[in-house]
Amino acid sequence: MNRYDEAKTMYAALGVDTEAALSALENVTVSVHCWQGDDVIGFDCGESLSGGIQTTGNYPGRARTPAELMADIDRAFSLMPGKKKLNLHASYAIFAPGEAVGRDAIEPKHFEKWVAFAKERGWGIDFNPTFFAHPMVKDNLTLSSPDEAVRAYWVRHGQACIRISEYFAEQTGQPCLMNIWIPDGYKDIPADRLAPRARFKKSLEEILSIPYDKEKVIVTLESKVFGIGLESYTVGSAEFCLSFSAANGITPLMDNGHYHPTEMVSDKISSLLLFNDRIALHLTRPVRWDSDHVVLFDDETREIAKEIVRNDALSRVLIATDYFDASINRISAWITGVRSVHKALLFALLQPSDLKKLQDAADFTALMVKSEALKTAPFGDVWNEYLRRQDLPEDYLSPVLDYERDVLSKR
Ligand code: RNT
Ligand code: ZN
């Protein structure tokens, strides 16, 4: 008997159908962020990263051009299992030589190369307006700025991004999730917390006022607790973003690096599922702050996956990755994070359904014992089978190091 067959029998004894788990996982799409490849720099204005987010490390081999980033995406994505969407930021616009276009004037044509790239590979595209790392961010403010010229500039950027998102959906035949996140906030205690939020509200209403097909463009809004240099006040707080989303029929997005360290996104998913048809996630790994470390197969990632699976919400939770580590091989970082998401989902799919009954029967003794037993069930053998069925190697370090030697080290 091979190891998978043995694992299948062992899981069956626990009341788990490994075949059902494997086929469910094959149908899950993960939206993979492009920005792990180049430390969130993009191609449109060459500004260093700002907005309270930070990439740390200086590992050689960063992608510096669209061609390099596309090559790296190909190498990394080909070693990730499952269905993928490509998640782009507006700052990854590709301009013709000498062309200078403000972020408020970008058009679908600036993303034609990305569309061709995604279409050839059968991927959908998700999109993000880029409200950071740009000279029009004034005093750390964009959509909440009291300077009307600044605020209006970023409203036009948001509107331009809706049009580009619609173009992505039309071209790829898949809806485009367009996520709005702004860094706006204050380092120190503000004198007025209301007016910036009122301006943000007005700006979002203006962005959403342009006509667009809501079947094609799924607008999401991402909240945050604080950013580096913006410690005292964040305009787009959790309460603001949840309330705005509910009031305006858009979708809330939770990034699990955007809460106080003892607050868990895994605990928030069920509440949002009760009040939203769909919710969206940015999966990351915060270490003491929103540090955007590579996602690992850790407790909270598993707990988030369990909440999605056991609430039967795989089709209602739109899963994206969001991390950026520049201190290790970026291709390896990319693959490790996405593989970890799939691992966590597989782990969740391998939970027996009768655990809920133990809770209702107040049998917390058996619940603890059985949950602990599952941690050492032969999960690795089922995971390896999942990879085998997709023609993927268990070991991705060797191909990544080959690529580093042949390509990255020559940059
Ligand atoms: C920042 C947010 C946001 C960004 C990306 C690059 O804290 O998480 O989602 O990481 O848009
Ligand atoms: Zn995020």
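Small disclaimer: the values here were computed from a predicted structure and weren't measured.

Turning our eyes to something else, we now look at the overall build of the protein. Check the secondary structure of the protein and you find 14 helices and 10 strands. Computed over the C-alpha atoms, the radius of gyration of the protein is 22 Å, within 12% of the 22 Å expected from 2.2 N^0.38 for a compact globule of 411 residues. Counting only C-alpha atoms, the protein reaches 70 × 55 × 40 Å along its principal axes. The burial tally for the protein puts 55% of its 411 residues in the buried class. The long-range share in the protein, meaning contacts at least 24 apart out of those at least 6 apart in sequence, stands at 80%. Entry remark: accessible area of the protein is about 17,800 Å², with carbon and sulfur atoms responsible for 52%. Each charge class in the protein was averaged separately, 46 positive and 59 negative side chains, and the resulting centres sit 1 Å apart.

The next point concerns the nonpolar core. Ranked by internal contacts, the top residues of the largest apolar core, which has 124 residues, are Ile-73, Trp-114, Phe-168 and Trp-334. Broken down by element, this core gets its largest block of residues, 12 residues, from helix α10 (residues 330–349). Those residues within four positions of Ile-73 in sequence are excluded, and the remaining contacts are Cys-34, Ser-78, Leu-86, Trp-114, Phe-117, Trp-123 and Trp-334.

A few words on the packing of helix α3 (residues 66–77) against helix α4 (residues 112–121). Between two packed helices, what matters for the description is the angle formed by their axes and the separation of those axes. Two elements in contact, α3 and α4, have axes separated by 12 Å at closest approach and are oriented at 20°. In terms of axis orientation, α3 runs roughly parallel to α4. Helix-helix and strand crossings are classified by hand; for α3 and α4 the assignment is right-handed. In contact with Leu-69, Met-70, Ile-73 and Asp-74 of α3, α4 contributes Lys-113, Trp-114, Phe-117 and Arg-121. Of the residues that constitute the contact of α3 with α4, the class distribution is five nonpolar, no polar and three charged.

Burial analysis of strand β6 (residues 217–222) places six of its six residues in the buried class, which makes it a mostly covered element. In β6, alternate side chains face the same way, and those of Val-217, Val-219 and Leu-221 on one face and Ile-218, Thr-220 and Glu-222 on the other are all buried. Pairing of strand β4 (residues 176–180) with β6 involves five bridges; the strand directions are parallel. Each bridged residue has a counterpart across the sheet, and for Asn-179 the counterpart in β6 is Thr-220.

With that settled, the discussion passes to the packing of aromatic side chains. For the structure shown, the criterion picks out 19 aromatic pairs. Both rings, one in Phe-131 and one in Trp-154, keep their centres 5.7 Å apart while their planes meet at 55°; by these two values the pair is tilted. With Phe-131 in the loop between β3 (124–128) and α5 (148–172) and Trp-154 in helix α5, this residue pair connects regions lying 23 residues apart in the sequence. Classification of Phe-131 by relative accessible area gives buried; the value is 0%.

Turning our eyes to something else, we now look at the coordination of the zinc ion (ligand 2). Within the protein, the zinc ion (ligand 2) binds to Glu-222 (OE), Asp-255 (OD), His-282 (ND1) and Asp-322 (OD); these donor distances fall in the range 2.1 to 2.2 Å. Coordination at the zinc ion (ligand 2) is octahedral: its six donor atoms span angles of 71 to 171° at the metal. Along the chain, the residues that donate to the zinc ion (ligand 2) are spaced as E-x32-D-x26-H-x39-D. In this pair, Asp-255 is assigned in strand β8 (residues 251–255) and His-282 in strand β9 (residues 279–283), connecting sequence segments 27 residues apart.

Here the focus is helix α8 (residues 265–275). Every buried residue belonging to α8 is among Val-265, Ser-266, Lys-268, Ile-269, Leu-272 and Leu-273, and all of these are buried. Down the axis of α8, the buried set is contained in an arc of 145°. They therefore lie on one face. Structural note: α8 exposes Asp-267, Leu-274 and Phe-275 on the side pointing more than 90 degrees away from its buried face. The inward-facing, buried residues of α8 abut α7 (238–248), β8, β9, α9 (299–310) and β10 (317–321).

Cut-offs and rules
- Residues numbered from 1 in each chain as written.
- Chains lettered and ligands numbered in written order.
- Predicted model: local features only at pLDDT ≥ 70, side-chain atom pairs only at ≥ 80, totals over all residues.
- Heavy atoms only, no water.
- Helix = DSSP H or I, 4+ residues; strand = E, 2+ residues; numbered from the N terminus.
- Rg over C-alpha atoms; globule rule 2.2 N^0.38 Å.
- Buried < 20%, exposed > 50% of the residue type's maximum accessible area, 1.4 Å probe, protein only.
- Contact = heavy atoms within 4.5 Å.
- Areas by Shrake-Rupley, 256 points an atom, 1.4 Å probe, with all protein chains shown as cover.
- Lys, Arg positive; Asp, Glu negative; His and termini not counted.
- Charge placed at Lys NZ, Arg CZ, Asp CG, Glu CD.
- Core = buried A, V, L, I, M, F, W, Y, C linked by side-chain atoms within 4.5 Å.
- Axes fitted to C-alpha atoms, helices over the stretch in contact; angles between N-to-C directions.
- Parallel < 35°, antiparallel > 145°, perpendicular 65-115°, else oblique.
- Left-handed = near helix turned anticlockwise from the far one by under 90°.
- Nonpolar A, V, L, I, M, F, W, Y, C, P; charged D, E, K, R; others polar.
- Pairing = 2+ DSSP bridges.
- Phe/Tyr/Trp six-rings, centres within 6.5 Å; stacked < 30°, edge-to-face > 60°.
- Donors = N, O, S within 2.8 Å, 3.2 Å for Na, K, Ca; no water.
- Tetrahedral: all angles 85-135°; square planar, octahedral: opposite > 155°, others 65-115°.
- Arc of directions from axis to C-beta.

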